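Each chain is listed here by its residues.
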Amino acid sequence: MSPETDTYQRLTNSQPGKLLAGRLGLPKSTPLRRYEPGQELLTGPALIGAAPGGRLDGVVALLLRECGAEVATSADEDTRYGALIFDASGVEDSTQLRAVYDFLHPVIRHVHANGRVLVLGTPPEAAATPRAATAQRALEGFVRSIGKEIGGGATAQLLYVAPGAETAAESSLRFLLSSRSAYVDGQVVRVGHGPATAPVDWAQPLAGQVALVTGAARGIGASIAEVLARDGAEVVCLDVGAMGEELSRTANRIGGSALQLDITTPDAPATLATHLRERHGGAGIVVHNAGITRDKTLGRMTGDAWDAVLGVNLSAQERLTDALLADGGLVADGRIVSVSSMNGIAGQRGQTNYATSKAGIIGMVQALAPVLAERGGTINAVAPGFIETQMTASMPIGTREAGRRMNSLAQGGRPVDVAETVAWLGSPASGGVNGNVVRVCGQSLLGA
């Protein structure tokens, strides 16, 4: 969706509309800054602070300077900041949480439009004491609340970095601070001890990689294929034969290849694994995006509708993944990214089949994360919220407007927002990110 088609956003950003929205208490929807090649990392200077014992502020300051960003360590009340970054990794007791308040309280209203608030912490499970674990877990409530307060298209995230994994955090820092994460808000990301290989050129972080994208003919799948190709990957675009014409257009547009295959057939896993192994030497990135809906309340849902959705959305992913891991279709240190959904987290009326399948994807990711880690690889999931697609464009206007506004950014996302998140998780530099479920929902007011 282009900004021109979001009438509410256009009106509330006009001068009369701003006044009216303020008087009526209506949500404000600021146009989001999205990534373009060559774009500066931040919209203004970054202010960095740290609690005593922090181990990440120096890493962040070095990265920002390498990216050409201006870095400050003391607040200026006349400055609007592109990013506010606080290293809370050294907080070991609930009484020390005051340091987070003291840093952000004077400057939180000085965040630039489309700015970033980033809190860094130690994973509670890696904390040295129960009190330290308690304090670190408390940061989640703080950050999620900040995300619902700041407005102006700005976002807030919490990045937990395991002790000793500081160098593996660069890819995640770059993503969360940049406009690639425009529609990712109020999220908690964990970085652990996986092998992370920095690219030669951060503008082409997927150079030399072969990526498979299922359901790539159109919509979110096509956008994922485009972004992976933009970032340097050779993309194999897969979809069913009925989508052959659109699939070929997508593949031709990005200089990739098209593979027509019904992933639910018994021989699909072996066929795909053989194709990737023999034609490409195995894929470095596999994106399970293919999915369908057959919506009805449970009492009106047919068995065929249940079976179709579970078969495409979940069971086929399991079978394909098993074959790719066993047969060399995925290289040893490869990345798997599965597309789940907010409805797999929060549930949705009329979607028991769909929500079950998408919750199952989260279960698969969590169960296979240790398996992939043993190979030097990763598996993660993205959970989109309301994304502007052909399907959502056909919704009744009331339903569509509710979907757009019921998040901290008060607007729908775009397919590219999901694609940027997939590209980050698929990068060789993101080896420390494993078993995560990242919502691409503008911090939806529904779900956890």
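Residues numbered from 1 in each chain as written. Predicted model: local features only at pLDDT ≥ 70, side-chain atom pairs only at ≥ 80, totals over all residues. Heavy atoms only, no water.

**What to know about the pairing of strand β5 (residues 155-161)**
It is a general feature of regular strands that their side chains alternate between the two faces of the sheet.
Stage number 1. With respect to burial, β5 is a largely interior element, seven of its seven residues being buried.
Stage number 2. Of the two faces of β5, the one carrying T155, Q157, L159 and V161 and the one carrying A156, L158 and Y160 are both buried.
Stage number 3. Note that strand β4 (residues 111-121) and β5 share six bridges and pair parallel. When the sheet's bridge partners are listed, V117 is paired in β5 with A156.
Stage number 4. Each parallel crossover has a hand, and for β4 linked through helix α5 (residues 130-147) to β5 it is right-handed.
Stage number 5. The pairing of β5 with strand β6 (residues 187-191) spans five bridges and is parallel. Following the sheet pairing, L158 is matched in β6 by V188. (Buried < 20%, exposed > 50% of the residue type's maximum accessible area, 1.4 Å probe, protein only. Helix = DSSP H or I, 4+ residues; strand = E, 2+ residues; numbered from the N terminus. Pairing = 2+ DSSP bridges. Right-handed = clockwise from strand over helix to strand, strands pointing away.)

**Brief notes about helix α3 (residues 57-66)**
Given 3.6 residues per helical turn, the α-helix brings residues three or four places apart onto the same face.
Stage number 1. All of the buried residues along α3 are V60, A61, L63 and L64. One side of α3 carries all its buried residues, which in axial view fall inside an arc of 165°. Residues L62, R65 and E66 are exposed on α3 and point more than 90 degrees away from its buried face.
Stage number 2. Remark: G68 follows α3 within two positions and exhibits a positive phi of approximately 85°. (Arc of directions from axis to C-beta.)

**Remarks on a nonpolar patch on the surface**
Stage number 1. On the surface, a cluster of nonpolar side chains totalling about 270 Å² of accessible area is made up of M406, L445 and L446.
Stage number 2. Tracing the backbone through its elements, the reader meets M406 in the loop between α14 (397-405) and α15 (415-426).
Stage number 3. Taking the relative accessible area as the measure of exposure, M406 reaches 38% and is therefore partly exposed. (Patch = residues over 30% accessible without salt bridge, like charges linked within 9 Å, V, L, I, M, F, W, Y side chains within 5 Å. Areas by Shrake-Rupley, 256 points an atom, 1.4 Å probe, with all protein chains shown as cover. Salt bridge = Lys/Arg side-chain N within 4 Å of Asp/Glu carboxyl O.)

**Some points on helix α9 (residues 268-280)**
Stage number 1. For α9, built from 13 residues, the straight-helix expectation of 18 Å at 1.5 Å per residue is met to within 8% by its first-to-last C-alpha distance of 17 Å.
Stage number 2. Inspection of α9 places A268, P269, L272, A273, H275, L276 and H280 among the buried residues, and these make up the whole buried set. Looking down the long axis of α9, one finds its buried residues gathered within 160° of arc, a one-sided arrangement.
Stage number 3. Phi turns positive, to about 70°, at G281, one or two residues after α9. (Expected span 1.5 Å × (residues − 1).)

**A look at the pattern of salt bridges**
Stage number 1. As enumerated under the stated definition, the model contains 18 salt bridges in all.
Stage number 2. Residue E246 is joined to R218 by a salt bridge in which the shortest nitrogen-to-oxygen separation is 3.7 Å. You can see E246 sitting in helix α8 (residues 244-254) and its partner R218 sitting in the loop between β7 (210-214) and α7 (219-230), a full 28 residues away along the chain.
Stage number 3. The exposure class of R218 is partly exposed, given its relative accessible area of 44%.
Stage number 4. Note that R230 is salt-bridged to E420, the shortest N-O span being 2.9 Å. A residue pair is termed long-range when its members are at least 10 positions apart, and R230 in helix α7 and E420 in helix α15 qualify at 190 residues.
Stage number 5. Take E420: its relative accessible area is 4%, and that puts it in the buried class.
Stage number 6. Linked through salt bridges whose partners overlap, the residues forming this network are R180, R230, D231 and E420.

Without other data, these values stay purely geometric and don't point to any function.
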